[in-house]
Amino acid sequence: MSGENQKFATRCIHAGQSPDPTTGAIMTPIYQTSTYVQTSPGEFIENYDYSRSANPTRTALEANVASLEGGRHGIAFASGVASLAACIHLLKSGDHVLLCDDVYGGTFRMFNNVFAQLGIEFSRVDMTDLDATRAAMTDKTKLVWLETPTNPTLKIVDIEAVAQIAHDGGALCVADNTFASPYLQNPLALGADIVSHSCTKYLGGHSDLVGGILVTADADLADKLHYVQNAVGAVPAPMDCFLLLRSTKTLHVRMERHCENAERIAEWLTGRKGINKVIYPGLDNHPQHKIATRQMRGFGGMITMTLDGGLPASRRFLESLQVFSLAESLGGVESLVEHPAIMTHASVDADKRAALGIDDGLVRLSCGIEDADDLIADIEQALDAANAV
Ligand SMILES: *Cc1c(COP(=O)(O)O)cnc(C)c1O
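Treat the numbers as computed from the prediction; the structure is a model and nothing was measured. (Residues numbered from 1 in each chain as written. Predicted model: local features only at pLDDT ≥ 70, side-chain atom pairs only at ≥ 80, totals over all residues. Heavy atoms only, no water.)

K.L.:
Go over the sheet that holds strand β13 (residues 336-338) with me, naming the residues and quoting the values.
P.N.:
Reading across from one edge, β10-β11-β14-β13-β12 is the order of the 5 strands in this open sheet, with mixed pairing throughout. The two strands at the open ends of the sheet, each matched to only one other strand, are β10 (275-279) and β12 (325-326). Bridge count between β12 and β13: 2 bridges; the pairing is parallel. Opposite S325, over in β13, you have L336 as the bridge partner. The sheet contacts of helix α12 (residues 310-320) involve β11 (302-307), β12, β13 and β14 (362-366), and relative to β11 the element is tilted by about 130°. (Pairing = 2+ DSSP bridges. Helix = DSSP H or I, 4+ residues; strand = E, 2+ residues; numbered from the N terminus. Contact = heavy atoms within 4.5 Å. Axes fitted to C-alpha atoms, helices over the stretch in contact; angles between N-to-C directions.)

K.L.:
Break down the site of the ligand for me, citing the residues and quoting the values.
P.N.:
The local shell around the ligand holds 13 residues, among which G80, D176, S198, T200 and K201 are the closest. At 2.7 Å from a nitrogen atom of the ligand is found a side-chain nitrogen or oxygen belonging to D176. Between K201 and the ligand, the recorded distance is 2.7 Å, taken from a side-chain N or O atom to an oxygen atom. Within the complex, the protein chains bury 91% of what would otherwise be the 380 Å² of accessible surface of the ligand. In terms of residue class, the shell around the ligand is made up of 4 nonpolar, 6 polar and 3 charged. (Near = heavy atom within 4 Å. Polar contact = N/O pair within 3.5 Å; in protein donor to acceptor, adjacent residues only side chain to side chain. Areas by Shrake-Rupley, 256 points an atom, 1.4 Å probe, with all protein chains shown as cover. Nonpolar A, V, L, I, M, F, W, Y, C, P; charged D, E, K, R; others polar.)

K.L.:
Describe the packing of aromatic side chains, with residues and values.
P.N.:
Tallied over the full model, the rule gives 6 aromatic pairs. Arranged with centres 6.5 Å apart and planes meeting at 70°, the rings of Y280 and F299 form a pair that is edge-to-face. Of this pair, Y280 sits in the loop between β10 and α11 (289-295) while F299 sits in the loop between α11 and β11, placing them 19 residues apart in sequence. The same class applies to Y280 and to F299, which are both buried. In this structure an aromatic cluster arises from ring pairing among F108, F111, F115 and F122. One residue, R272, lies across the ring of W268, its end atom 3.9 Å from the ring centre. (Phe/Tyr/Trp six-rings, centres within 6.5 Å; stacked < 30°, edge-to-face > 60°. Buried < 20%, exposed > 50% of the residue type's maximum accessible area, 1.4 Å probe, protein only. Lys NZ or Arg CZ within 6 Å of the ring centre and 35° of its normal.)

K.L.:
Could you give me a rundown of empty space enclosed by the protein, with the residues and numbers involved?
P.N.:
By the definition in use, this model includes 3 cavities of 30 Å³ or more. Each pocket or cavity is described by its volume, and for the largest cavity that value is around 60 Å³. As for the largest cavity, its lining consists of D101, D102, V103, G105, F108, R124, N151, H345, V348 and L356. Here the lining of the largest cavity is composed, by residue class, of 4 nonpolar, 3 polar and 3 charged. When its volume is computed, the second largest cavity comes out at roughly 40 Å³. Every residue lining the second largest cavity is listed: L61, A76, F77, C199, V210, G211, G212, P236, D240, C241 and L244. Broken down by secondary-structure element, the contributors of at least two residues to the lining of the second largest cavity are β3 (73-77) and α9 (238-248). Looking at which element gives the most residues to the lining of the second largest cavity, the answer is α9, with 3 residues. For the lining of the second largest cavity, the residue count by class is 8 nonpolar, 2 polar and 1 charged. (1 Å grid on protein atoms, 1.4 Å probe; cavity = no way out; pocket = protein on both sides within 12 Å on 5 of 7 lines; lining within 4 Å. Points joined across faces, edges and corners; volume = space filled by probe spheres on them.)

K.L.:
Give me the state of the cysteines: which residues, what numbers.
P.N.:
All told, the structure shown has 0 disulfides when counted by the stated rule. Here C100 is not disulfide-linked; the sulfur of C173 is the nearest cysteine sulfur, at 10 Å. When its relative accessible area of 0% is taken as the criterion, C100 is described as buried. The cysteine C241 is free of any disulfide, with C199 supplying the nearest cysteine sulfur at 8.6 Å. (Disulfide = S-S within 2.5 Å.)

K.L.:
Describe helix α4 (residues 105-115), naming the residues involved and giving the relevant values.
P.N.:
When we look at burial in α4, the residues that qualify are G105, G106, T107, F108, M110, F111 and F115. Buried residues in α4 make contact with α3 (80-88), β4 (96-100), β5 (121-125) and β6 (141-147).

K.L.:
Talk me through the environment of R11; I want residue IDs and the actual numbers.
P.N.:
By secondary structure assignment, the location of R11 is in helix α1 (residues 8-14). It is 10.0 Å that separates the C-alpha atoms of R11 and H252, two residues lying 241 residues apart in sequence. One polar contact links the side chain of R11 to the main-chain carbonyl oxygen of Q6, over a distance of 2.8 Å.

Structure below.
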């Protein structure tokens with residue numbers, strides 16, 4: 001196990017892991033086992049009794065990501081939305097949850113179509129407006145769920161201010177840190193009670209697994225979440241935990257390049273013919289650029305832009321890209337592009353999409369870690385194709 005005083009890059013590689021005591025294997029083994037031998041009824045060799053409750057590969061992953069987020073306890077799940085569901089299982093019927101308005105589509109769907117039926121109430125508010133956020137709190141609000149940067153419009157929510165509003169109202173604050181990753185932003189240090197990740201994105205980083213994790217510094221909350229993890233049972237497989245441990249070893253190096261590439265591309269796109277608007281938290285003209293500078297160490301790999309010419313132009317642009325792949329998801333080493341109105345946000349009502357600024361010309365880029373020159377050349381030829389008609 002590694003020390004709390006070590007720097008981020010060292011913790012990426014070492015936190016939660018030590019050579020296997022039986023063989024010296026430097027990498028944490030994939031403990032592909034469902035159960036563990038007991039020496040006498042109820043007496044375990046290492047506190048492991050059954051792999052839904054705990055598994056050593058998972059334990060290493062949980063300690064690793066907990067360290068990267070500056071928390072004490074990691075609780076891993078089979079997907080990002082399973083992590084979310086575990087937080088909601090802390091609540092009871094009649095409780096109210098306040099969500100940011102452009103929350104991840106799957107998060108909204110879970111509240112709207114699954115938990116609402118169980119009597120968990122929710123409402124949405126633009127959390128870049130702190131007065132509106134304060135006003136949206138009710139005496140039943142038990143959880144405030146924020147995301148920053150948001151998806152796909154990359155709004156930046158002031159984590160410290162929103163956590164304070166939650167706490168003033170006696171609610172917990174959960175921050176979905178998927179878009180930033182722990183390398184760029186640590187919500188616990190800014191007052192959030194729980195950090196949530198879809199490991200499918202930057203933590204995994206290679207588009208080869210689906211996973212989720214929660215991190216908290218609060219032992220009591222951790223006990224409750226561990227209880228839900230075991231009782232509800234959406235646990236990740238040992239193989240996926242192993243792949244994630246392998247991924248987090250390069251998180252710091254990958255994130256540096258994601259940010260570098262996105263910064264260059266965002267600047268290159270600004271003012272280009274055929275492009276109406278470029279949204280990137282690192283640009284001076286981003287409405288919350290100052291907050292981003294304060295609470296993030298870099299501005300991330302995601303860029304959203306609007307093409308002149310609406311759907312026909314964006315369709316031609318997306319069909320013409322060759323290095324960027326047209327696909328949902330984000331955060332992998334390879335560059336991806338998607339069309340929110342047709343793809344990730346199709347389930348959001350058209351008028352709600354319009355209110356959020358998700359129009360038919362809007363395109364979301366997940367800048368990978370290829371050579372930035374090649375990415376820019378690819379965008380240039382696709383823009384030419386889009387503008388040619
Ligand atoms: C992808 C994503 C999720 C859901 O995670 P899954 O791993 O797909 O279940 C939650 N929040 C955000 C911000 C995401 O991008």
